[in-house]
Amino acid sequence: MTAATEVLAVSTAWDAALVRNDAQLIATYMADDWVYIGPAGPTPKADIIGWIGSGQLAHHTMEAIGAPRVSVYGETAVITSRKRSTGTWDGVSYAADEWISETFALLEGRWLCILSHKCPNLDPETH
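J.: How should the overall build of the chain be read in this particular structure?
T.: Looking only at helices and strands, the chain features 3 helices and 6 strands. Ordered by position from N to C terminus, the α and β elements of the chain give α-α-β-β-α-β-β-β-β. For a compact globule of 127 residues, the expected C-alpha radius of gyration is about 14 Å, and the chain comes in at 14 Å, within 12% of that figure. Of all 127 residues assigned to the chain, the portion counted as buried reaches 38%.

J.: I'm lost on the sheet that holds strand β3 (residues 57-73) in this one. Help?
T.: To summarise the sheet geometry, strands pair through backbone hydrogen bonds and adopt either a parallel or an antiparallel arrangement. Sheet architecture is open: 6 strands sit in the order β2-β1-β6-β5-β4-β3, paired in mixed fashion. One side of each edge strand has no neighbouring strand; the edge strands of this open sheet are β2 (41-44) and β3. Each adjacent strand pair in this sheet contributes to an overall mean axis angle of 25°, direction not counted. Pairing of β3 with strand β4 (residues 76-89) involves 13 bridges; the strand directions are antiparallel.

J.: How should I be thinking about the packing of aromatic side chains in this particular structure?
T.: In this description, a pair of aromatic rings is defined by centroid distance and the angle of the planes. On inspection of all chains with the given rule, the structure shows 3 aromatic pairs. Between Trp14 and Phe104, the ring centres sit 6.2 Å apart and the planes meet at 85°, which makes this aromatic pair edge-to-face. Taken together, the residues span a long stretch of sequence, with Trp14 in helix α1 (residues 3-20) and Phe104 in strand β5 (residues 92-107) at a distance of 90 residues. The same class applies to Trp14 and to Phe104, which are both buried. Between the aromatic rings of Trp51 and Trp89, the centroid separation amounts to 5.0 Å while the plane-to-plane angle is 80°, which identifies the pairing as edge-to-face. Taken together, the positions of Trp51 in helix α3 (residues 45-54) and Trp89 in strand β4 put the pair 38 residues apart, joining distant regions of the chain.

J.: Explain the nonpolar core to me, please; I cannot follow it from the model alone.
T.: Side chains that are nonpolar tend, in soluble globular proteins, to be buried together. Of all hydrophobic cores here, the largest spans 21 residues; its most connected members are Trp14, Ile26, Trp34, Ile52 and Phe104. Among the elements of the structure, α1, α2 (23-27), β1 (30-38), α3, β4 and β6 (110-120) are those that each provide at least two residues to this core. In terms of residue count, α1 provides more of this core than any other element does, 5 residues in total. Apart from residues lying up to four places away in sequence, Ile26 is in contact with Trp14, Ala17, Leu18, Asn21, Ile49 and Ile52.

J.: Is there a simple way to think about α3 in this case?
T.: Two residues of an α-helix separated by three or four positions point the same way, owing to the 3.6 residues in each turn. Here α3 has its buried residues at Lys45, Ile48, Ile49 and Ile52. For α3, the angular spread of the buried residues around the axis is 95°, confining them to a single face. Relative to its buried face, α3 has exposed residues pointing more than 90 degrees away, namely Ala46 and Ser54. Where α3 is buried, its residues touch α1, α2, β1, β2 and β3. Downstream of α3 by one or two residues, Gly55 has phi in the positive range, about 90°.

Criteria and cut-off values
- Residues numbered from 1 in each chain as written.
- Predicted model: local features only at pLDDT ≥ 70, side-chain atom pairs only at ≥ 80, totals over all residues.
- Heavy atoms only, no water.
- Helix = DSSP H or I, 4+ residues; strand = E, 2+ residues; numbered from the N terminus.
- Rg over C-alpha atoms; globule rule 2.2 N^0.38 Å.
- Buried < 20%, exposed > 50% of the residue type's maximum accessible area, 1.4 Å probe, protein only.
- Pairing = 2+ DSSP bridges.
- Axes fitted to C-alpha atoms, helices over the stretch in contact; angles between N-to-C directions.
- Phe/Tyr/Trp six-rings, centres within 6.5 Å; stacked < 30°, edge-to-face > 60°.
- Core = buried A, V, L, I, M, F, W, Y, C linked by side-chain atoms within 4.5 Å.
- Contact = heavy atoms within 4.5 Å.
- Arc of directions from axis to C-beta.

Here is the structure:
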């Protein structure tokens with residue numbers, strides 16, 4: 001199995017854990033200092049895991065659109081993909097169509113995500 005295949009498998013399993021809203025399992029895919037970067041700036045792992053664990057944030061679906069781009073640089077890999085998701089935030093439903101870049105590092109023999117960045121898909125041809 002290539003490094004690209006390995007990291008894609010980890011990303012796919014992480015998405016499945018997100019849809020199950022299993023905060024403890026989700027946390028195992030993230031390095032301790034993982035951070036999410038979105039329109040409001042950085043959010044640390046503890047906040048995301050806390051919101052999922054409390055039910056404040058819930059994921060209902062996560063669908064990859066098209067093939068992801070995977071680049072491996074030794075013990076670091078970057079996956080860039082487009083995903084559609086649905087869920088709730090504070091009990092209010094949301095639907096998102098986003099471009100996501102995730103950086104993984106091979107740490108102690110496991111691929112862990114160290115950074116996730118999302119931005120809305122604004123291309124009118126793909127809506």
